[in-house]
Structure formats: structure tokens, C-alpha cells
Amino acid sequence: MRTRHKFITLFLFSVFSVGVFAQKSFELKSPNSEVKIQIELSDKIHYSVSYGNDLLIEKSYLNMDLRTTVIGANPKLKKATNTKGDEVIEPVVPVKFSKVRNQYNGLILSFAGDYSVEFRAFDDGVAYRFHTNFKGEVEVLSEDFYIQFPKEYLLIAQRPGSFVTSYEEFYDKVKTRDLRPNDKMILLPFIIDTKDKYKIMVSETDVEDYPRMFLKGIDGKGMQSVFPKYPTFLTEEWDRFLRVQQEANYIAKTTGKRSYPWRYFMITTDDKQLVEATLPIKLAPKSKIEDTSWIKPGQSCWEWWNGAIPYGPDVDFVGGYNTATYKYYIDFASKYGIPYLLLDEGWAKSTRDPYTPNDNVDLKELLKYGKEKNVGLVLWLTWTCVENNFDLFKILSEWGVKGLKIDFMDRSDQWMVNYYEKVAAEAAKYHLVIDFHGAFSPAGLEYRYPNVLAYEGVRGMEYTGHTNPDNTMYIPFIRNVVGVMDYTPGAMISMQPDVFSNNRPNSANMGTRAYQLALYVIFESGFQMLADNPSLYYQNPDCTEFISNVPVTWDETKVLHAEFGEYLVVAKRKGDKWFVGAMTNNSEKERTFDLSFDFLTKGKKYNMTYFEDGVNAGRQALHYYRKEAKIDSSTHQKIKIVRNGGWAAIIE
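Small disclaimer: the values here were computed from a predicted structure and weren't measured.

## Comments concerning the overall build of the protein chain
Okay, step 1: Per the secondary structure count, the protein chain includes twelve helices and 37 strands.
Okay, step 2: The C-alpha radius of gyration computed for the protein chain amounts to 25 Å, which stays within 12% of the reference 26 Å derived for 652 residues, consistent with globular compactness.
Okay, step 3: In terms of overall dimensions, the protein chain has C-alpha extents of about 85 × 60 × 50 Å along its principal axes.
Okay, step 4: Going through the 652 residues of the protein chain one by one, you find that 63% of them count as buried.
Okay, step 5: Of the roughly 24,200 Å² that the protein chain leaves accessible, carbon and sulfur atoms contribute 47%.

## Structural notes on the packing of helix α10 (residues 513-522) against helix α12 (residues 541-549)
Okay, step 1: Direction vectors running N to C along α10 and α12 enclose 15°, while the axes themselves pass 9 Å from each other. One finds that α10 runs roughly parallel with respect to α12. Crossing hand, α10 versus α12: left-handed. Facing Arg513, Leu517, Tyr520 and Val521 of α10, the residues of α12 in contact are Cys543, Phe546 and Ile547.
Okay, step 2: A class-by-class count of the residues in the contact of α10 with α12 yields six nonpolar, no polar and one charged.

## Looking at the confidence of the model for the protein chain
Okay, step 1: Averaged over all residues, the pLDDT of the protein chain is 95; the fraction at 70 or higher stands at 97%.
Okay, step 2: For residues 1-19, every residue scores under 50 in pLDDT, and the model assigns this stretch 64 contacts once sequence neighbours within four places are set aside.

## Some words on the packing of aromatic side chains
Okay, step 1: Tallied over the full model, the rule gives 47 aromatic pairs.
Okay, step 2: Considering the side-chain rings of tyrosine 474 and phenylalanine 564, the 5.2 Å spacing of their centres and the 55° angle between planes classify their relative orientation as tilted. Linking tyrosine 474 in the loop between α9 (469-472) and β27 (494-495) with phenylalanine 564 in the loop between β30 (556-563) and β31 (567-574), this pair joins segments that are 90 residues apart in sequence. There is no split in this pair, since tyrosine 474 and phenylalanine 564 are both buried.
Okay, step 3: These aromatic residues form a ring-pair network of at least three members: Phe163, Tyr167, Phe214, Tyr420, Phe436, Phe440 and Tyr455.
Okay, step 4: The ring of tyrosine 260 carries the charged tip of arginine 258 above its face, separated from the ring centre by 4.3 Å.
Okay, step 5: A cation sits over an aromatic face here: arginine 459 above tyrosine 463, 4.1 Å from the ring centre.

## Considering the pattern of salt bridges
Okay, step 1: In the structure shown here, the tally under the stated rule is 44 salt bridges.
Okay, step 2: Its salt-bridge partner being glutamate 90, residue lysine 99 comes within 4.0 Å of it at the nearest N-O pair.
Okay, step 3: By relative accessible area, which is 44% here, lysine 99 ends up partly exposed.
Okay, step 4: The closest approach of N and O atoms between lysine 422 and glutamate 387, which form a salt bridge, is 2.8 Å.

## Some details on the sheet that holds β31
Okay, step 1: Taken in spatial order, the six strands line up as β30-β31-β32-β37-β34-β35 in an open sheet, and their pairing is antiparallel. Bordering the open sheet on either side are β30 and β35 (624-631), each of which pairs with just one other strand. Averaged over all pairs of adjacent strands, the angle between strand axes in this sheet comes to 15°, irrespective of strand direction.
Okay, step 2: The sheet contact formed by strand β34 (residues 606-613) and β35 spans eight bridges and is antiparallel. Bridge pairing links phenylalanine 611 to arginine 626 in β35.

## Digging into unusual backbone geometry
Across residues other than glycine, the phi torsion is negative in most instances, and most of the peptide bonds are trans.
Okay, step 1: For the bond from leucine 188 to proline 189, the omega torsion is 0°, close enough to zero to count as cis.
Okay, step 2: Turning to its location among the elements, proline 189 is positioned in the loop between β12 (171-175) and β13 (190-193).
Okay, step 3: Positive phi is not limited to glycine here, since alanine 308 has a value of about 55°.
Okay, step 4: In this fold, alanine 308 is placed in the loop between β21 (298-302) and α3 (323-335).

## Quick look at the sheet that holds strand β22 (residues 340-343)
Okay, step 1: If you trace the seven strands from one edge of the open sheet to the other, you get β26-β25-β24-β23-β22-β21-β29, paired in parallel fashion. The strands lining the two open edges of the sheet, one partner per strand, are β26 (452-455) and β29 (527-530). Averaged over all adjacent pairs, the angle separating strand axes in this sheet is 25°, with direction ignored.
Okay, step 2: In this sheet, strand β23 (residues 376-382) lies alongside β22 in parallel orientation, the contact comprising four bridges. In the strand pairing of β23, leucine 342 is matched with valine 378.
Okay, step 3: α3 contacts β21, β22, β23 and β29 of the sheet and is inclined by roughly 155° relative to β22.

Cut-offs used in this document
- Every chain begins its residue count from 1, and numbering advances along the sequence as written.
- With the structure being a predicted model, the display of local features is reserved for residues of pLDDT at least 70 and the display and counting of side-chain atom pairs for 80 or more, all residues being used for whole-chain, interface and lining totals.
- To get the side-chain values, all heavy atoms of the structure are used, and hydrogens and water are removed first.
- Put simply, DSSP H or I for four residues or longer makes a helix, DSSP E for two residues or longer makes a strand, and each gets a number counted from the N terminus.
- Atoms counted for the radius of gyration: C-alpha only. Globule rule: 2.2 Å times residue count to the power 0.38.
- For each residue, the accessible area found with a 1.4 Å probe, counting protein chains only, is set against the maximum for its type, and the residue is called buried under 20%, exposed over 50%, and partly exposed in between.
- Every accessible area reported is derived by Shrake-Rupley at a probe size of 1.4 Å, with residue values counting cover from the shown protein chains alone.
- Helix axes are fitted only over the stretch in contact, all axes being lines through C-alpha atoms; the angle between N-to-C directions runs from 0 to 180 degrees.
- Our angle categories are set so that under 35 degrees counts as roughly parallel, over 145 as roughly antiparallel, 65 to 115 as roughly perpendicular, and the remainder as oblique.
- For a crossing to be left-handed, the near helix must be turned anticlockwise from the far one by less than a right angle; the clockwise case is right-handed.
- Contacts are assigned to residue pairs with any non-hydrogen atoms lying within 4.5 Å of each other.
- Throughout, the ten residues Ala, Val, Leu, Ile, Met, Phe, Trp, Tyr, Cys and Pro are labelled nonpolar, Asp, Glu, Lys and Arg are labelled charged, and all others, Gly among them, are labelled polar.
- Confidence scores per residue from the predictor, reported as pLDDT, run from 0 to 100.
- Stacked, tilted and edge-to-face are the three classes assigned to paired rings of Phe, Tyr and Trp, where Trp is represented by its six-membered ring and a pair needs centres within 6.5 Å; plane angles under 30 degrees give stacked, over 60 edge-to-face, the rest tilted.
- Charge over a ring is defined by NZ of Lys or CZ of Arg lying within 6 Å of the ring centre and within 35 degrees of the ring normal.
- In the sections that follow, a salt bridge refers to a side-chain nitrogen of Lys or Arg positioned within 4 Å of a carboxyl oxygen of Asp or Glu.
- When DSSP locates at least two bridges between a pair of strands, those strands are taken to pair.

Structure below.
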């Protein structure tokens, strides 16, 4: 199954040339005419972005500094081409919608010097990218993505201290007037809050053979792109990290005939639209994998977070990274229909050797046992181990391994971006799925190679005491919007932040039990973890049954209630079943929501099983109730959620 062009594909092109050499300004409107890009050609290619009569981005500009020329400087227009697109996309791994309509109006401005700039206007945003048609290779010294603000805005963003980052920083709030060039950089994606009715997400996609973009402030007036330079000399700090000691004076050396990454602004007037957004899907590249039938998204058990120490009357073996423990996990996965078990750090004798298990692990026996139980094994490896043993994809696939979790890249220069693609392509050749950890956020590779089921690139639950719901509450509005995410939910030991404590193997997390269940509905991932101990899941069969029945792919997503960074209630459909998840931050008081079930098919009766915060959950986060109800499309139900709480339901 291909990624696109399943139902309708319609592209219309028209070229106008009368007076085009003298034309200095263009206006491009979205199909509904609400979103507008005003383009002006002078010493640079300037653009402004409006919604209705509201100016949102003011006279910003774009260019690329190559070794031999600066494209975008003193542009000489040769041709302007209007385009329209209307197609239905069916993602291979549909974590939001199984069908997405992609409708836009476009404009391609072709300039003297063999380059063009393509703009697209959607009902929910705008995007642009460069195209070049040069012979041979080019060196890109820098690229200017310059944003100017018409008034003071508020940014919600992650701010790393350097280009060495795994995109796991807390979200900060900073006023645009306080942005300074010497401050910390800003990662993509981030949110611009206009502080009236708009939230604007800024990000990029279709990043290929090119570094990831960061941004810096410009004295309160705007923001300017910065990029990691190409590394030319690295030294090994330890078994999973190479420090860049020397860099080239360019950010990319690449083919001269190519398209560059999309830069986009997603514009929303309602916080619900952020969670339902599909603009990253609309701009994503096509799949390079012709036959995707072997790609199986799904849940996975995981032993690292809970210390691989099962316990209980049925455990008569010493726990740890050994064959008996892994068989215990496989039995649990098989019982609940979970298709994968991840063997994280500890399964191998050395982090430098991808073939030799530790002395207590019989990997061949585990692969055989997993196959009998219909549970596939995924192996954790460092990225340096993979790079130094690139024949492992073929060998591990022949053994029966189903996928790899690759960790600690922590860079986003051109070399490392190409490493991700090299891994994805080689893994696809041998029908292996990939989960990238220590990773940047998604930027299109997961569509080009949909065997990439997840990226970390988030402050996930492995941080335990540093995953306060006040920060986590931003994730579905920012990070998860751009693509699949491995947050690793599923804690059965739940605590409120003010009484939190944690020690492996008794790992815990902040938020209520109902909050943890809701994360499975809310967070989007093609490779969703059950992070906790099977022993605890066995002790909580009602919760485990719910978790293991939540799909990882969806046909439809409908946000019922949302306030950015405060709370979210979302309903998702898979086939004829609906799931509802709700989460909130550290609110001072209970939140109450009126749930309307008008999204259900009229005339049908449904059974709903739901989990809600117990009356004491504001202090004792483990307190919850499981209840059942008969509902239909006319039903309304009031739900209460305590601080750091949640609500979760299955409707069938």
C-alpha cells in the first residue's frame, strides 16, 4: 500500500508570463480564502502571513547562501506558476486519521540563476521550500529563515544549550520582546501564542540530506535560523557518544538539483485544531517502500523502566536480563495480545557487539519462544554499534528479530540526518521496524520510510520525577503534532507531585492512575510501550485489559475539549469502536467537563467502560473507579478530573 494517491489526485498548473518580469508582489490565498501569503520581491524575497484581516507574520524573508551564490538575494523573476492540489492521503501508519484530505493553493516563483521558491497556502497554514537546478554538488554555507513579529507574542518552546541535544528539554515560555541573540536556541516544533485568538506552530518536514533547523532571537524583533555545521572530526567520549571536535564551514554539501525542506506555519484559532492538525501529513514525502504490508505498528512490553525484576507467587526464578525473565515478559505479552517485546540495554554482553547476548540470555531460544507465542523481539542498540556493524540488519533479520531501538544519536547535523535515513532504508530492506531514541523530533523520514514507527525526542516517562504533568500537558499540543512519539506510558505506581518518590525497580510516575490510562488514547505512536512490570499489570487486570485494547493506529480523531497546556479531552475511532482520553495539569481544583457523545452513530446503542479519578485521587493518585454505562449519540455525561488527573473510556 502506498502512502498517497488512494482516492483523488488533482493538480492543476497554469503559467502566467504577461508582465511577470515587472511584477514585484503576489498574493496567495488558501482554498477558503482565510489564510493569505503576501510576497514581495526587492533586495530579498519577503513574505507576510495573515489570517482574515489579522497580520500574523510581518515582512519576513528567506534566502540560502551557497559557496558560489546567494539564492534569494536581488531575485530576478523569470516565471510564476499557480498550482492547486486536492488529494486524499492514506498514511501507512495512521496515528490520527486513516484518510487525510490535502487541499491547497500554490505558487512557484522561478528565478534567474536556476532556482525557485514554492509557496503553499492551506486552510490551516502556509509553507514554503526552495528548489535548485544546479549541476554537480553545492555547499550550503547558511540558510536564512527569518521571522519578524508585528507585535509582542509569547513562545512556548524547548531551549537547548547547544546543538548536542536529544530534544528532551522542558518547555519554556518566553516573550518575543525578550529574545536575544546570545540566549539559548529554540527547537522545532514550537508554538507562537499571539495572546488573542491564534496559536501558530512553526516546524519543518521533508528534511533529507540536510541538517535540522534551530532558531535564535534577534533583539526582540524576530527570530533567525541557525544550523549545526557539517562535522569533519569526531572523538569518542564513551561507547555511545562521539564529540564533534572540528567542523566544516558549511552546513550541508548536497546535490545541486533537489528540493529543500518545507518550512511551515500551522495557524489555529481553536486549541482543538492543534491536536487534530494534519498539515505535517499533507507536506510529508511519499513512501519509498513499495510494499508496506509487512510493517506492523503495535504495542510493546519493556523491561528497562521497571528494572526487569518480576515478582509474585508465579515467579520462581531470579529476575534480571536473563532468559527466564524475558520468557515471563513474552508470556505476559502473549496473554494480552501485545505483538512486541523490547529487549533494552542489558540483553547484550557488550554495547559494542550486536550479536553476542550476555551469558544469561539465550537469544535464539527467546526468538523461537516468541515466535511460538506470536511475540516479536525488538533489540536495543547504540547508534555507534549500528554504524560500526552495518551488516547487522541482514543477520538479525535472518535470526527472526523484528526491529531495532537505536539510541543516543543526540545530534542533528547533516551527517546524522543522513544516518537516520541510511538506517531506515537498510532496515526496510530486511523488514525491520525502527524506534529512534536519543533522537530529534520527526521531520518526514517516518513517511518516506514508514517502518520508522516512533522517535523519542520528548521528555518522556523515563525521567520519572521530571515528567510533571504541567510539562507533559504541552506534549499533545506541540511535540505529538509533528509525528509519532515514544513517551513510554503505563505506570501502575502513580503519585501526586508533592509526595513523589521513585526508585527502580519500583518505578513510579506523576499523575493519577486514570491519567496514565488516558495517555494511551491521547499520545500518538506506532510503537507504544507498556513501561511497567508485568507483575503489576497482572495485579491490575482491569487497567491492563484496557491498555492492551487501545489501538496504536486510528481512523478518526475528534477533540471534545481543549485548552493549550491546561487540559485535553479527545475521542478516537478505530473501526466501530471509540476510545476517549482526558488529561489535565496540576490544576488547583477539580475540572468538570460535559461530554457529548454526538460523534456516535445515531440510532445505535453502545456499552461504555470507563475509568475515572477516585474521590481521593487528588492526594492518593492510585485511587480510581472502573464503571460501565449504556449510552447513545444523545447521551451527555459530566466527568470530574482531579489535579494531574485523567479519564479514559472504551465505547463499543
